[in-house]
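Now for the letters of each chain:
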Amino acid sequence: EGLLHPFNDLTLLETGEPLWVPKTQEVGFMTEDMLREQEEIFEKLGTSEDATKVRAQMQSAHLLSDMQAFKAANPHAILEDFVRWHSPRDWIPDNDNPNKGTLSQRMLEEGNLWQELWKSAQRIPAARQSPLFKCSLEGEKAFHYLEHLSVKDLFKMLLPTMFLIAYDTLVSHPVTKNIKQVASGLEMLMKELTKFPWNDIGSENVSCDGIIQMIRQNELLIGKAISLLRKLPKQYSLVEKLLEIPESQVSDGKERESVFELFSSVAPLNDSFPPPTTREFVLQTTCLRPTPVPAR
């Protein structure tokens, strides 16, 4: 039962029948709660030899499932057949005959887990096996956890996601790809979000004020960049200079044309540049270094 296709034209070692690849279960998922429960069980087991075997069996649920599916697809198979399909590195083939060979030294060791699991594995196809990940059970556990969660703890859990949404909102704007200052500021924000001790939120020494201030600064910078680009379309270099220093030199060409169009829009009825409101006189001279007066 549960056949997919023959495996590389190989045959079973004892009967010569085709070796079939079985339908298997997906790798079992492990939620954070499941990992935490498993760690607690492992700690309680201790460090004895029996405890080590129990740990290995608990971590081999997927391997046992594959063995059972393989036996269902290949009723006359032996462990060597399963190893040839599941772990080819542990099979040393005969150069003259690909259907002959021996197991690796690791597989031949006394008390090897694969040998013990193979003996206990039943012929059960994946479709009739108990699921490795019990969705309903884990869902009930999650609901139970949420029902007994305080508002404070819930807010603490959601806080990292809130900040990530704020960052994603900022970084998704097209201006972040064109203005260096904006990209640099968001990169620093991401580094701060990554290294922030979220698990310690609520303690006296941990505060989100710094991250909030960084988000505020980046939002203000993005607003300035958007405003300047609307007035000076596609003049990214000029906008970058203006974000660094409020006064900037305008280069000939596209930059000059963009600035001219901006100020021309102030008086749309006139074809010429609007008259200046102020005048500035710059006097330049070359002065010789004064001769020092000898001290008396």
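Sequence positions are assigned chain by chain, starting from 1 and proceeding in written order. This being a predicted model, a pLDDT of at least 70 is required before a residue's local features are given, and a value of 80 or more before pairs of side-chain atoms are given or counted; all residues contribute to the totals for chains, interfaces and linings. Only hydrogens and water are set aside; all other atoms, that is, all heavy atoms of the structure, feed into the side-chain values.

### Things to note about the packing of aromatic side chains
Step number 1: Two rings from Phe, Tyr or Trp (for Trp, the six-membered ring) form a pair when their centres are within 6.5 Å of each other. A pair whose planes differ by under 30 degrees is stacked, one over 60 is edge-to-face, and the rest are tilted. Here the structure, examined in full by the defined rule, presents eight aromatic pairs.
Step number 2: Between F70 and W118, the ring centres sit 6.4 Å apart and the planes meet at 55°, which makes this aromatic pair tilted. With F70 in helix α3 (residues 61-73) and W118 in helix α6 (residues 113-120), the pair connects residues that are 48 residues apart, well separated along the chain. Of the two residues, F70 and W118, both sit in the buried class. For the purposes of this entry, the term helix denotes a DSSP run of H or I that reaches at least four residues, the term strand denotes a run of E that reaches at least two, and both are numbered from the N terminus. Three exposure classes are used, based on accessible area relative to the maximum for each residue type with a 1.4 Å probe and protein chains only: buried under 20%, partly exposed in between, and exposed over 50%.

### Here's the deal with the environment of R106
Step number 1: Within the secondary structure, R106 is located in helix α5 (residues 105-108).
Step number 2: Considered as a pair, R106 and D90 are 16 residues apart in the sequence and their alpha carbons are 7.6 Å apart.
Step number 3: When checking whether two residues touch, look at their non-hydrogen atoms; a contact exists if any pair is within 4.5 Å. Leave out the neighbours within four places in its chain, and R106 touches S87, D90, N112 and W114.

### Brief notes about unusual backbone geometry
Leaving glycine aside, a negative phi is the common case for residues, and trans is the common case for peptide bonds.
Step number 1: Non-glycine residue N8 carries a positive phi angle of around 50°.
Step number 2: Its location among the elements puts N8 in strand β1 (residues 3-11).
Step number 3: A positive phi angle, near 60°, is found at D9, a position not held by glycine.
Step number 4: Turning to its location among the elements, D9 is positioned in strand β1.

### Side note on the nonpolar core
Step number 1: Residues F163, I179, L189 and I211 are the most contacted members of the largest nonpolar core, which totals 24 residues.
Step number 2: At the level of elements, α8 (151-171), α9 (180-195), α10 (209-231) and α11 (236-244) are the ones that each hand at least two residues to this core.
Step number 3: A total of seven residues in this core trace back to one element, the largest contributor, which is α10.
Step number 4: Setting aside residues up to four positions removed in sequence, L189 forms contacts with Y167, L170, I211, M214, I215 and N218.
Step number 5: We define the nonpolar core as a collection of buried residues of types Ala, Val, Leu, Ile, Met, Phe, Trp, Tyr and Cys that are connected through side-chain atoms lying within 4.5 Å of one another. Core analysis: the next-biggest nonpolar cluster, separate from the first, contains 20 residues, F7, L19, A77 and W114 among them.

### Comments concerning the pattern of salt bridges
Step number 1: By definition, a salt bridge exists where a carboxyl oxygen of Asp or Glu is found within 4 Å of a side-chain nitrogen of Lys or Arg. What the rule picks out here adds up to seven salt bridges.
Step number 2: A salt bridge links E192 to K195; its shortest N-O distance comes to 3.7 Å. Remark: K195 and E192 occur in helix α9; sequence separation between them is three residues, near one turn of the helix.
Step number 3: Taking the relative accessible area as the measure of exposure, K195 reaches 61% and is therefore exposed.
Step number 4: Between K241 and E255 there is a salt bridge, with its nearest N and O atoms 3.8 Å apart. Of the two residues, K241 is situated in helix α11 and E255 in helix α12 (residues 254-264); the sequence distance between them amounts to 14 residues.
Step number 5: Its relative accessible area of 29% is what places K241 among the partly exposed residues.

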